[in-house]
Amino acid sequence: MTKVIINGSKGRMGQALIDCANRMDGVEVAAQVDMGDALADVIADADAVIDFTLKDATLDVAKLCAANKKPLVIGTTGHEDDERAQITSLQSEIPIVWASNFSTGVNTLFWLTRKAAEILGPDFDLEVVEMHHRHKVDAPSGTARTLGEILCDVRDKSYNDDIRHGREGMVGARTSEEIGMHSLRGGSVVGDHTVVYAGDGARVELSHKAASRDTFANGALRAAVWAVGKSPGLYDMQNVLGLE
Ligand code: NAD
């Protein structure tokens, strides 16, 4: 039995994680932690910690996990590069599974996105479109960022320099260098992502649409079970699923 702590337990993902853990064989929720609770008081009883909170909370959680030698699964998104670097530096002490998206379907999309970019080649213009519920605080989504990073990797581009976030006004003709990124917000949408490959006379679109948070929660719980006993290091869901 793998005993997990859910950090951010009162949130949308926290609630889905608790429901899914209660239905999953081999997993038990050792503690539910949210604002005002002390993770330090309960961490000793757990095999792993799962964090779905806010970006400012992640570093302290990671330090506590490192001090207690507990694997950490991070679902939280929206970190700046320097925050990400501080957190990932702890990979020398504990296994950290950090995925912008824990759904098996989206990880299949990640794999297909790379393949399609390689097959279609530089003649196809690349755009990423994502849509989420009206409460989401960061943009673009962490998943859209990962899709952008995959496309940049295939095209030998830089995420910070070559991604074009939205367009407005007299922006001029589209260059072949840019990769477009567009965020839609509204309603209760759990998470839609589409990668558009637009060529002369043909367009390919790869889409994933999440209908329930259970798809992320089940993946994060699977990652926590997988991480227990692993060597210290930085892993993602591709490692958990054996897709790398
Ligand atoms: P939410 O606002 O519904 O829940 C966040 C919870 O974290 C709240 O209950 C809040 O009180 C709690 N919290 C904030 N700071 C805390 C702290 N310091 N200690 C303990 N608890 C704290 O948000 P959500 O929709 O559940 O999403 C949470 C995060 O997960 C977001 O960053 C979101 O983008 C991300 N997310 C990731 C995936 C994935 O697969 N990786 C999927 C969905 C959402």
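Notes on the structure in this doc start here. Note that residues are indexed from 1 along each chain, following the sequence as it is written. Totals for whole chains, interfaces and linings use all residues, but because this is a predicted model, local features are given only for residues with pLDDT of at least 70 and pairs of side-chain atoms are given and counted only at 80 or more. Hydrogens are left out, water is left out, and the side-chain values use all remaining heavy atoms of the structure.

Section: helix H8 (residues 214–227)
Logical step 1: Every helix listed is a DSSP run of H or I at least four residues long, and every strand listed is a run of E at least two residues long, numbered separately from the N terminus. Under the convention used throughout, the expected extent of a helix is 1.5 Å for every residue step, that is, one less than its residue count. An ideal rise of 1.5 Å per residue puts 20 Å on 14 residues; H8 measures up with 20 Å between its terminal C-alpha atoms.
Logical step 2: Each residue is placed in one exposure class: buried if its accessible area under a 1.4 Å probe, protein chains only, is under 20% of its type's maximum, exposed if it is over 50%, and partly exposed if it falls in between. The complete set of buried residues in H8 reads Phe216, Ala217, Gly219, Ala220, Leu221, Ala223, Ala224, Trp226 and Ala227.

With respect to the nonpolar core
Logical step 1: Core analysis: the largest hydrophobic core is formed by 30 residues, its most contacted members being Leu17, Ile50, Val73, Val97, Phe102 and Leu221.
Logical step 2: Contributions of two or more residues to this core are made by strand E1 (2–7), helix H1 (12–23), strand E3 (48–51), H8 and helix H9 (237–241).
Logical step 3: In terms of residues, this core owes the most to one element, H8, which gives eight residues.
Logical step 4: Contact partners of Val73, with chain neighbours within four places excluded, come to Val49, Ile50, Asp51, Val97, Phe102, Ala220, Ala223 and Ala224. As used here, the term nonpolar core means buried Ala, Val, Leu, Ile, Met, Phe, Trp, Tyr and Cys residues forming a set that is joined through side-chain atoms within 4.5 Å. Working rule for contacts: check all heavy atoms of both residues, and any pair within 4.5 Å makes them a contact.

Examining the sheet that holds strand E8 (residues 179–185)
Logical step 1: One open sheet holds the five strands; their spatial order is E7-E8-E6-E9-E10, and the pairing between them is mixed. Each having just a single partner strand, strand E7 (163–165) and strand E10 (202–210) make up the two edges of the open sheet. Geometrically, the sheet is characterised by an average inter-axis angle of 20° between neighbouring strands, direction not taken into account.
Logical step 2: In the sheet, strand E9 (residues 191–199) pairs with E10 via nine bridges, with the strands oriented antiparallel. Bridging across to E10, Thr194 finds its partner in Ser207.
Logical step 3: Across the sheet, helix H5 (residues 104–120) lies against E9 and E10, angled at about 170° from E10, the strand it touches most. Should DSSP find at least two bridges between two strands, the strands are regarded as paired. Axis definition: a line fitted to C-alpha atoms, over the contacting stretch in the case of helices. Angles run 0 to 180 degrees between N-to-C directions.

Things to note about the environment of Glu149
Logical step 1: With respect to the helices and strands, the residue Glu149 is situated in helix H6 (residues 142–155).
Logical step 2: Taking the C-alpha atoms as reference points, Glu149 and Phe216, separated by 67 residues in sequence, lie 20 Å from one another.

Comments concerning the site of the ligand
Logical step 1: Close to the ligand lie 20 residues; Arg12, Met13, Asp34, Thr77 and Phe102 are nearest.
Logical step 2: Between the ligand and the protein, one listed contact pairs an oxygen atom with a backbone N or O atom of Arg12 at 2.8 Å.
Logical step 3: Any pair of nitrogen or oxygen atoms within 3.5 Å is treated as a polar contact; in protein, a donor-acceptor pairing is required on top of that, and neighbouring residues in sequence qualify only through side-chain atoms on both sides. At 3.1 Å, a backbone N or O of Ala99 approaches a nitrogen atom of the ligand.
Logical step 4: Whether a set of points on the 1 Å grid over the protein atoms alone is a cavity depends on a 1.4 Å probe fitting there but being unable to get out, while an open set qualifies as a pocket with protein on both sides within 12 Å along at least five of seven lines; lining residues are those with an atom within 4 Å of a point. Pocket or cavity membership: a molecule qualifies when more than half of its atoms sit within 2 Å of the grid points of that site. When each cavity is represented as a set of grid points, the ligand is found to reside in the largest pocket.
Logical step 5: Three categories are distinguished: nonpolar for Ala, Val, Leu, Ile, Met, Phe, Trp, Tyr, Cys and Pro, charged for Asp, Glu, Lys and Arg, and polar for the others, with Gly belonging to the last. In terms of residue class, the shell around the ligand is made up of seven nonpolar, nine polar and four charged. Any residue with a non-hydrogen atom lying within 4 Å of a molecule or strand is treated as near it.

Concerning the environment of Ala30
Logical step 1: Considering the arrangement of structural elements, one finds Ala30 in strand E2 (residues 27–33).
Logical step 2: Separated by 55 residues in sequence, Ala30 and Ala85 place their C-alpha atoms 29 Å apart.

Here's the deal with the layout of surface pockets
Logical step 1: Quantified by volume, the largest pocket comes out at close to 1,100 Å³.
Logical step 2: Lining the largest pocket are 44 residues, with Met13, Phe52, Thr53, Leu54 and Thr76 positioned closest to its centre.
Logical step 3: Here the lining of the largest pocket is composed, by residue class, of 16 nonpolar, 19 polar and nine charged.
Logical step 4: Grid points are joined across faces, edges and corners, and a volume is the space filled by probe spheres set on the points. Volume-wise, the second largest pocket comes out at about 680 Å³.
Logical step 5: In this structure, the second largest pocket is lined by 32 residues; those nearest its centre are Arg84, Ser100, Arg145, Thr146 and Glu149.

Notes on the pattern of salt bridges
Logical step 1: Here, a salt bridge means any side-chain nitrogen of Lys or Arg that lies within 4 Å of a carboxyl oxygen of Asp or Glu. Going through the model one piece at a time under the given rule, you end up with 17 salt bridges.
Logical step 2: The salt bridge involving Asp138 is made with Lys136; its shortest N-O contact spans 3.0 Å. In this pair, the class of Asp138 matches that of Lys136, namely buried.
Logical step 3: One network of salt bridges, in which partners are shared, links Asp125, Glu127, Arg164, Arg167, Arg174 and Glu178.

Some details on the pairing of E1
When a strand is regular, its side chains alternate between the sheet's two faces.
Logical step 1: Counting buried positions along E1 gives five out of six residues, so the element sits mostly inside the fold.
Logical step 2: Of the pairings in the sheet, the one linking E1 to E2 comprises six bridges and is parallel in character. Its bridge partner being in E2, Asn7 is matched across the sheet by Val33.
Logical step 3: Orient the strands so they point away from the viewer; a crossover is then right-handed if the path from the first strand over the helix to the second runs clockwise. You can see the chain leave E1, run along H1 and come back into E2, and the turn it takes is right-handed.
Logical step 4: Note that E1 and E3 share four bridges and pair parallel. Looking across to E3, one finds that Val4 is bridged to Ala48.

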